[in-house]
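Coordinates in review
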Amino acid sequence: MPAYDKADLERRMHGAVEALKNDLGGLRTGRASVTLLDPVTVEVYGSHMPLNQVATVSTPEARLISVQVWDRSNVGAADKAIRSAGLGLNPIVDGQTLRIPIPDLTEERRKELAKLAGQYAEKARIAVRNVRRDGMDALKTDEKKGVMSEDERKRGETEVQKLTDATVAEIDAAASAKEKEILGK
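Residues numbered from 1 in each chain as written. Predicted model: local features only at pLDDT ≥ 70, side-chain atom pairs only at ≥ 80, totals over all residues. Heavy atoms only, no water.

Following both chains from N to C, one finds helix α3 (residues 107–145) and helix α4 (residues 150–183) inclined at 170 degrees, their axes separated by 9 Å at the closest point. Here α3 lies roughly antiparallel to α4, going by the angle between them. Considered class by class, the residues forming the contact of α3 with α4 number 14 nonpolar, 5 polar and 11 charged. (Axes fitted to C-alpha atoms, helices over the stretch in contact; angles between N-to-C directions. Helix = DSSP H or I, 4+ residues; strand = E, 2+ residues; numbered from the N terminus. Parallel < 35°, antiparallel > 145°, perpendicular 65-115°, else oblique. Nonpolar A, V, L, I, M, F, W, Y, C, P; charged D, E, K, R; others polar.)

Right, let's talk about the sheet that holds strand β5 (residues 92–94) for a bit. Spatially, β3-β4-β6-β5 is the arrangement adopted by the 4 strands of the open sheet, whose pairing is antiparallel. Of all the strands in the sheet, just β3 (55–61) and β5 have a single pairing partner and so form its edges. Direction aside, the axes of adjacent strands within the sheet are offset by 25 degrees on average. (Pairing = 2+ DSSP bridges.)

In terms of strand pairing, β3 meets strand β4 (residues 64–69) through 5 bridges, oriented antiparallel. Residue pairing across strands places Thr 56 opposite Gln 68, the latter belonging to β4.

The next thing to look at is the environment of Thr 141. Looking at the element boundaries, Thr 141 is found in helix α3. Look at Thr 141 and you get partly exposed, because its relative accessible area is 33%. With 96 residues separating them along the chain, Thr 141 and Tyr 45 place their C-alpha atoms 48 Å apart. Among the polar contacts made by the side chain of Thr 141, one reaches the main-chain carbonyl oxygen of Asp 137 at a distance of 2.8 Å. (Buried < 20%, exposed > 50% of the residue type's maximum accessible area, 1.4 Å probe, protein only. Polar contact = N/O pair within 3.5 Å; in protein donor to acceptor, adjacent residues only side chain to side chain.)

This next bit is on unusual backbone geometry. With glycine set apart, most residues show a phi of negative sign, and most peptide bonds adopt trans. One non-glycine residue, Tyr 45, lies in the positive phi region at around 50 degrees. For Tyr 45, the position within the fold is in the loop between β1 (41–44) and β2 (47–50).

All right, on to α4 then. End to end, α4 covers 49 Å across 34 residues, agreeing with the expected 50 Å (1.5 Å per residue, within 8%). Backbone geometry just downstream of α4 places Gly 184 in the positive-phi region, at approximately 65 degrees. (Expected span 1.5 Å × (residues − 1).)

Leu 20 and Ile 171 are the most contacted members of the largest nonpolar core, which has 26 residues in total. Breaking this core down by element, the ones donating at least two residues are α1 (6–25), α3 and α4. Ranked by residues supplied to this core, first place goes to α3 with 9 residues. In this structure, Ala 32, Ala 78, Leu 87 and Leu 89 belong to the second largest nonpolar core, which totals 22 residues. (Core = buried A, V, L, I, M, F, W, Y, C linked by side-chain atoms within 4.5 Å.)

A word on the pattern of salt bridges. Summed over all chains, the structure comprises 16 salt bridges. The partner of Lys 21 in a salt bridge is Glu 170, and the shortest N-O contact between them spans 3.6 Å. Highlighted residues: Lys 21 in helix α1 and Glu 170 in helix α4, separated in sequence by 149 residues. Between Glu 122 and Arg 125 there is a salt bridge; the shortest N-O distance is 2.7 Å. You can see Glu 122 and its partner Arg 125 sitting in helix α3, 3 residues apart, about one turn around the helix. (Salt bridge = Lys/Arg side-chain N within 4 Å of Asp/Glu carboxyl O.)

One ladder, built from 5 bridges, connects β4 with strand β6 (residues 97–101); its direction is antiparallel. Paired with Ile 65 across the strands is Ile 100, a residue of β6. Bridge count for β5 against β6 is 3 bridges, and the pairing is antiparallel. The partner of Asp 94 across the bridge, within β6, is Thr 97. Between β5 and β6, which pair antiparallel in sequence order, lie 2 residues; one of them, Gly 95, sits at a positive phi of approximately 70 degrees.

Bringing helix α2 (residues 75–83) into the picture now. Along an α-helix, residues three or four positions apart point the same way, because every turn accommodates 3.6 residues. Inspection of α2 places Val 75, Ala 78, Asp 79, Ala 81 and Ile 82 among the buried residues, and these make up the whole buried set. Burial along α2 is one-sided: seen end-on, the buried residues are contained in an arc of 165 degrees. (Arc of directions from axis to C-beta.)

Dropping the structure here:
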């Protein structure tokens, strides 16, 4: 059985792009978004759970996120988790609801967020390069096993490189679009 599987490489590279888009979606651009709180995990019932599994997250206004905590005993934990998530948000506790006003972004904060978008993109590029390396290794393994000829390996390597280049271009496009959005250009 050949070790090289083009469909698997495509799936893994696409996964890196999807993870990046998810990360970028969580970056604040001055507008309220429910995805902003996706990285927040709350310590409840002795374990860490994503915020959206202990509360309903909604955006009733452009600059406000509302978090309706289902169990009254978890309100404090949710408040603490949001404050300590490093998102620069300060929830206002109102019974079982946390109202989170989205402050205007300062120029300094915009630059920090743009830098963070760049870091997310680099993380995705590294993931894609790791998938590329795995693909190249699989091709060499198949050639050594005699499953494919040297020419087939070289064709496969060209294919893997094209796939890598296309995926990295997609990552760069997503990151630069997000940076423009953050910096308001």
